[in-house]
Each structure stands twice: as structure tokens, then as C-alpha cells.
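For reference, the chains in residue letters:
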There are 2 protein chains.
Amino acid sequence: MKLKTLEEEELISAIRREYSELSPEVIVGIGDDAAVIKFGKKHLIVTKDVLLEGVHFLVNLHPPYLLGRKSLYVNLSDIAAMGGVSKYSLLGLGLPPKTDPDWLKEYLSGFKSAADEQGVSLVGGDVSESKRISISVSVIGEGKKIIQRNGAEEEHLIFVSGSLGDAAQGLILLKKGYRLGDDERADVFLKAFLDPCPPVSLGSELSRFNAASSMIDVSDGLSVDLHHLCKESGVGAEIYVDKLPLSPEINRFQKRPYRLALHGGEDYQLLFTVPSHSLDSIEKLKKKYRITFIGKIIKEKRILTVDRRGKRKPLEIQGYQHFKKSKT
Amino acid sequence: MKLKTLEEEELISAIRREYSELSPEVIVGIGDDAAVIKFGKKHLIVTKDVLLEGVHFLVNLHPPYLLGRKSLYVNLSDIAAMGGVSKYSLLGLGLPPKTDPDWLKEYLSGFKSAADEQGVSLVGGDVSESKRISISVSVIGEGKKIIQRNGAEEEHLIFVSGSLGDAAQGLILLKKGYRLGDDERADVFLKAFLDPCPPVSLGSELSRFNAASSMIDVSDGLSVDLHHLCKESGVGAEIYVDKLPLSPEINRFQKRPYRLALHGGEDYQLLFTVPSHSLDSIEKLKKKYRITFIGKIIKEKRILTVDRRGKRKPLEIQGYQHFKKSKT
């Protein structure tokens, strides 16, 4: 048996089983966007993401400055999805000996720009030689009220930030040969993929308002991440397809944009559920953030799409997935 | 200009300069074994190490169970070198699709055995597909009195734990075709390389007794790591070569074992300096740990070896270095 036949979910379940006995300070362990540890009177939130050349990015397609930004932001997104605030980062770089120092300078400069934007300090890391570029970033944040994946209940409403499918559309355009600056209409999508800007402050505001019962960031695609959230909460969901937030320009490039919105990865938006008594807080947050109501949690443990005619059908989970990648 | 002409030390200096403005809670940033952050009333100590197939380990030479142990222990060594106690870990794995699930099972089982031995919880991580195996481990620890690299002063005595050169000898034997279990006399060295056991509790005891003025773990070799320690402290050192602790069996395999002791990497022993008023504490600790006096800090900023006839000569820093790897 080889790894490709061993489902990633099985692998993660196996690791979780192995490590099920956690010390009492570990409030959230394996299986959420980030781990949460009680540390003195505070909650420490920790996450790690690995970006590998040829798997998560292509050196010739990803400008190093933007790759630096993205490699930090994908981690900030995980901390935000727990309702936390990112504080510190560690950077592990594996670099081939032939790496151009200008590439590295640009990469570090991009990483720093994202760190400065979000008030995150780079406190350490590890540099080593490698065959291909390998980037490993860990981020430590803190939070008071932690929002996990497992708090969704029947009748809670499902919301998502920003728009969906943009990053997947960006990758398609990138593969077709579009480059930043070539075409204004394409740039919005290229940027979504190359330089994602997760709404990190929304995560901590949802925590402060105590507004979300569960949350996850949309990194693998709505269908996959909603599945994770529902599984952890022991519930199901229905998604109103015509409510999915799209960028208006996507229709220029896509005949079936909803497919990308449902299954496209790397949007790094926040997907969260809201109990009815917290809808007022969402209305307030809507003044500041693009937040869209897209569905409802149901008791039955399955995920359905509902089209505008009211027709229900099961949402396939194995959809469009350009990266084989999953959080443990 | 290519990376190989850009010295790693320069690279790390460049990153340090870029990130010199740290937030006030960051007590130790880039440039020590681990970073230290004030978090509430405690000190958080964080470190990260990346192990890459073909660079830091060879899949066919490193039994996965031992690789799992080593990938955690190299990080625990960094936390120990700050005088801290390791508490939590994050594991990032990049795995080729063809990875044998038994390999993975063994790896995880080894990681867990090391974690259990040292009371460390695995709290999260990231699994993704990659071309070659890539392992990234982060560890979070805590500590009260932090021991940095920069506290060594003139006349402080230099000590090292365990014996030196064993891991380098192990790698030599491994490359020659020796395998664990083939030859009892070789096994001690093979184990030192494949399954290092850093004296992690010694680090925290030195902190508790307030006995060490500076400390670093010997990962790149004594000459390189002593250079780091002296540079950070703004001092020099003299090393009494005939005092270097060797495994008695090393003479069977090596004509010049002191060369390995001075320049061989991956021993993961603790190198620390002690002011005269703390020598009583060291005597107490000697009952529990193998600790050897090997030299003295001098004012002049250079590192000398002293042979048994009293002949001094500069210690070359670029010695035997099988891995191009350095902490930022």
C-alpha cells in the first residue's frame, strides 16, 4: 500500500489517535486550523504550514516578494480562523546552492512586508541547503475566546468572507500564460492566487463579539473545508449556490464560476457559522468586511447544494483540488 | 552571485538586520539556539529545525523510527541550550506519493517515543505531498532563567556534556557500510548519529542552579559552535585539546579522533561557560551527567587550541562539516 492510496484524512486520523492523550493545557490539539495551549493566563495559538517548490508554488511563476508574503499569510489565516491574533513567526528555509541572492532578498522583503502589516515579529528559524526550495513557517498567536471547528449546531447560519474561486481562477490564468500587469481584468485573480490577503482581523473580531459558533479558513476549497467543519461539529449543511460570493469579473473567464467557488482552493477566506442571537454582530461587521450568508447547518450529516429553483443535491467533496495538502 | 558564495553567516546577519526592530516582548530573537518571548508571566522558548531527505538524512540509511526520534530531539536540544523545558511540538511533513505507509508508521512511532520520553505533546502540523521527504519540526518550551549565547566573560571556564565526535564517526561508519547490530563496537557511534540523545534535562538544571553564563548546543561541530558563542559574547577562547571528551572506542576506528571532536557535527551535546563562583554547582551536576572541563574564555577575540605541551594555535572554524546547515 502506498501513500496515494492512504487517504490524507486517514493519515491525519491515525496521527490523532496516536496522540489522543494530550496534556491538560492543550485545549485544541490536532485537527483544527491551529492548536491552542493554555499558557499562564493566556491562550497560545500555534500553527505551521509548509510550502514546497513544485507542489505549492512554481519558482518561475511566483514572484519571490509575493511568495514571501503568501508564505506568512497562509499561516496568519489559520490563526485568524481560531479567532486569534498572530504575534510571532519562525521561518525555515531550504535553499538550493544555486539560489539567486536577489530572489532571496525579494522573498525576505515580501515576508517582512506581510509581517509588518500584521504586527508579527520574526523571532527565529532555520536555513539549510536543499535540492528544491522548501519553506516552512510557524506562527504563534494569542487569543481569548477560541473559535473551533466543532461548535456548529442545527439552524446556525453559514457565512463566508470575501469572494470564492478567485485564487483558483488566478491559477488557471497563470497556467494559461497571464502575468501580473498584462491585463487588468486578470490581475484581480492572479493577485488572489499569488498574494492572498486573508481577512485576519475579522477572525479576532468574530471572537471578540462572540459571534461565530465555529470557523475554518477556506484553503482547500469550500466543499472540502465545509466538510471538515461539519465533520468536527457532527452536523450537515446546505449551501445556496446562487448566494456564493463571486467576483463580478469572473464571468469574463469562466462559464461555470460556481464550480470554482465550491471547489477551488487557496482563497484563504473565513467560513463560519452564526447562531441566530449573534446576527446583529454580523450586521455590524458587514459594515467593515464583505461577509455573505451562503447556507445553513442541518442536523442530517450530509452536505447538500440547493440551486435557485430549490433543487437539492449532494455536494461532492472530491472536487477541484490543485494541491494535495491538508492540515493535521 | 549565487548562494554558495553568499556565506550562511552573512545570510543570517542580513535577516537579523532586516528584523532588528523586535517587539518588546521578544527577549531573544534571531541568532541564538531558540527565540525567547515574554508571554504573560512566563518565558516562551520557540525553535524550528528542518530535516531534508538527501541533505540531512538518507532514507535508505536512516531507520524511520530513529529518524522520527532524531527529528524531535534536535529541537529539544535547542530548547535545552536556552535552559528551557520543551512542552509542545508541531510536525510538518512533506511526503512523496510513493511513501510506504510502514515507513510513515515507523517514523511517527519514533517521533512519539521521543515525545513521550520527554513529556512533549504533538499539538498540530501540516502534511503535504512533496518530491522528497521534508520534515519540519517546531518546538515550544518554557523557561525561567534563560541562558543565551552572549554571556561568556573572560576567565569563565568552558565545559561540554557527553563525548564529542561520536556522531561524525557514526556517519563515517554508516557510509562505509556498517549497520546497527553488525558490530557492537560500531553501534555506539551509529547510534550517536542515528539516534542522538541530547542531555536535555542538564540544560534546565544549569538554568535552575544559575550555573552557566552562556550556552549553545553542539550541532555544527565544536569549532563552529564555539565560534558562535564567542562571537555573540564578544570574547575568545582556548581549548585544551587533550581534555576533549572522547568515547574510548573511537581509537579503534580513528587515528586522529581529536579532529572529529573539534569539527564533527551532530553531537547535540551542550557547550557552556561557567563563572568560578558556580563551579560548586557543576561539581554537583557531575554526579548525574558526564560534564568535562575543556577550556577557558579569553579576552582576545580569537579561538586557540592548546596541546598537551602547551603549544597554542588558532582553531580553524571551517572544519569537517557534513551538513550545510545553520540556525538563523
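For the structure, check the block above.
The notes below deal with the structure included here. Each residue is numbered by its place in its chain's sequence as written, counting from 1. Lettering of chains starts at A and numbering of ligands starts at 1, both following the order in which they are written. Selection of residues for local features in this predicted model requires a pLDDT of at least 70, selection of side-chain atom pairs for listing and counting requires 80 or more, and totals for whole chains, interfaces and linings are taken over all residues. Each side-chain value is worked out from all heavy atoms of the structure, with water and hydrogens disregarded.

### Points about the interface of chain A and chain B
Stage number 1. Residue contacts are counted whenever heavy atoms from the two residues lie within 4.5 Å of one another. Taken together, the 74 residues of chain A in the interface contact 74 residues of chain B.
Stage number 2. Interface of chain A and chain B: buried area, both sides summed, is about 6,100 Å²; carbon and sulfur atoms make up 68% of it.
Stage number 3. Buried surface area refers to the total accessible area, computed with a probe of radius 1.4 Å, that the two partners give up upon joining, counted for both partners together. When residues of chain A are sorted by the area they lose upon contact with chain B, Tyr19(A), Phe39(A) and Lys48(A) head the list and together hold 12% of the total.
Stage number 4. One side-chain nitrogen of Lys or Arg within 4 Å of one carboxyl oxygen of Asp or Glu is enough to make a salt bridge. Taken together, chain A and chain B are joined by 0 salt bridges.

### Focus: the sheet that holds strand β11 (residues 291–298) of chain A
Residue and element names in this part refer to chain A.
Stage number 1. Any two strands are treated as partners once DSSP identifies two or more bridges connecting them. Runs of H or I in DSSP of at least four residues are treated as helices and runs of E of at least two as strands, each being numbered from the N terminus. Strand order in the open sheet made by the 7 strands is β8-β10-β7-β11-β9-β12-β13, with mixed pairing throughout. The sheet terminates laterally at β8 (214–218) and β13 (312–314), the two strands that pair on one side only. Strand-to-strand, the axes of this sheet are offset by a mean angle of 30°, without reference to chain direction.
Stage number 2. Relative to β11, strand β9 (residues 236–240) runs antiparallel, the two sharing 4 bridges. A fitted line through C-alpha atoms serves as each axis, taken over the contacting stretch for helices, and the angle formed by two N-to-C directions is quoted from 0 to 180°.

### Some points on the sheet that holds strand β7 (residues 157–161) of chain B
All names here are of chain B.
Stage number 1. The 7 strands are arranged β8-β10-β7-β11-β9-β12-β13 in an open sheet whose pairing can be described as mixed. The open sheet terminates on both sides in strands that have one partner only, identified here as β8 (214–218) and β13 (312–314). The mean inter-strand angle of the sheet, taken between neighbouring strand axes irrespective of direction, is 30°.
Stage number 2. Sheet analysis places strand β12 (residues 303–306) next to β13, joined by 3 bridges and oriented antiparallel. The residue of β13 that forms the bridge with valine 306 is arginine 312.
Stage number 3. Where helix α2 (residues 64–80) meets the sheet, its contacts fall on β8 and β10 (269–274), and the angle it forms with β8 comes to roughly 170°.
Stage number 4. Strands β7, β8, β10 and β11 (291–298) of the sheet are contacted by helix α6 (residues 200–208), whose axis makes an angle of about 20° with β10.

### Considering the relation of the copies chain A and chain B
Stage number 1. For this overlay, a least-squares fit was computed on C-alpha atoms, restricted to residues scoring pLDDT of at least 70 in both copies. Once chain A has been moved 0.0 Å along the axis and rotated by 180°, it coincides with chain B to within an RMSD of 0.0 Å. One copy is carried onto the other by what is essentially a two-fold rotation axis.
Stage number 2. In this assembly, 100% of the residues forming the interface of chain A have copies in chain B that are likewise at the interface, indicating an isologous arrangement.

### Brief notes about the packing of helix α2 (residues 64–80) of chain A against helix α3 (residues 101–117) of chain A
All names here are of chain A.
Stage number 1. Look at α2 against α3: their axes get within 6 Å of each other, and the N-to-C directions meet at 40°. The angle between α2 and α3 places the two elements in the oblique class. In the crossing of α2 with α3, the sense of the turn from one axis to the other is right-handed. Residue-level inspection shows Pro64, Tyr65, Leu67, Gly68, Arg69, Ser71, Leu72 and Tyr73 of α2 in contact with α3, the latter providing Trp103, Glu106, Tyr107, Ser109, Gly110, Phe111, Ser113, Ala114, Ala115 and Glu117.
Stage number 2. Residues belonging to the contact of α2 with α3 are distributed by class as follows: 10 nonpolar, 5 polar and 3 charged. Angular relationships are summarised with four words: roughly parallel below 35 degrees, roughly antiparallel beyond 145, roughly perpendicular across 65 to 115, and oblique for the angles in between. Helix crossings fall into two classes, left-handed where the near helix is turned counterclockwise from the far one by less than a right angle and right-handed where it is turned clockwise. Asp, Glu, Lys and Arg are counted as charged, while Ala, Val, Leu, Ile, Met, Phe, Trp, Tyr, Cys and Pro are counted as nonpolar; the rest, among them Gly, fall into the polar class.

### Digging into the packing of aromatic side chains
Residue and element names in this part refer to chain A.
Stage number 1. Centres within 6.5 Å are what make two rings of Phe, Tyr or Trp a pair, Trp counting through its six-membered ring; a difference in plane orientation under 30 degrees is then read as stacked, over 60 as edge-to-face, and the rest as tilted. Inspection of every chain in the model, using the stated rule, returns 15 aromatic pairs over all chains.
Stage number 2. Seen in terms of ring centroids, tyrosine 107 and phenylalanine 111 are 6.4 Å apart; in terms of plane orientation they differ by 35°. Their pairing is tilted. Of the two residues, tyrosine 107 and phenylalanine 111 are both situated in helix α3; the distance of 4 residues between them amounts to about one turn of the helix.
Stage number 3. Only protein chains enter the area calculation, which uses a 1.4 Å probe; residues under 20% of their type maximum are buried, those over 50% are exposed, and those in between are partly exposed. According to the relative accessible area criterion, phenylalanine 111 is buried, its value standing at 0%.
Stage number 4. Site record: aromatic cluster; members linked through ring pairs are Phe159, Tyr240, Phe272 and Phe293.
Stage number 5. Residue placement shows arginine 208 over the ring face of phenylalanine 209; its charged tip is 5.1 Å from the ring centre. Placement of a positive charge over a ring is assigned whenever Lys NZ or Arg CZ falls within 6 Å of the ring centre and within 35 degrees of the normal to the ring plane.

### Section: helix α4 (residues 166–176) of chain A
All names here are of chain A.
Stage number 1. Across the 11 residues that make up α4, a large majority, 8, are buried.
Stage number 2. If you check which residues of α4 are buried, you get Asp166, Ala167, Ala168, Gln169, Gly170, Leu171, Leu173 and Leu174.
Stage number 3. The inward-facing, buried residues of α4 contact α5 (184–194), α8 (250–253) and α9 (257–263).
Stage number 4. Note on α4: the residue one or two positions beyond its end, glycine 177, has a positive phi of about 110°.

### Some thoughts on the pattern of salt bridges
Residues and elements named next belong to chain A.
Stage number 1. Taken as a whole, this structure holds 28 salt bridges over all chains when the rule is applied.
Stage number 2. Between glutamate 283 and lysine 286 there is a salt bridge, with its nearest N and O atoms 3.5 Å apart. Taken as a pair, glutamate 283 and lysine 286 lie in helix α10 (residues 279–286) at a separation of 3 residues, close to a single helical turn.
Stage number 3. The exposure class assigned to glutamate 283 is partly exposed, which follows from its relative accessible area of 45%.

### Points about unusual backbone geometry
Stage number 1. Residues other than glycine seldom take positive phi values, yet Tyr268(A) does so here, at roughly 50°.
Stage number 2. Summarising the element assignment, Tyr268(A) is placed in the loop between α9 and β10 (269–274).
Stage number 3. One non-glycine residue, Glu155(B), lies in positive phi territory at about 80°.
Stage number 4. Within the secondary structure, Glu155(B) sits in the loop between β6 (134–143) and β7.

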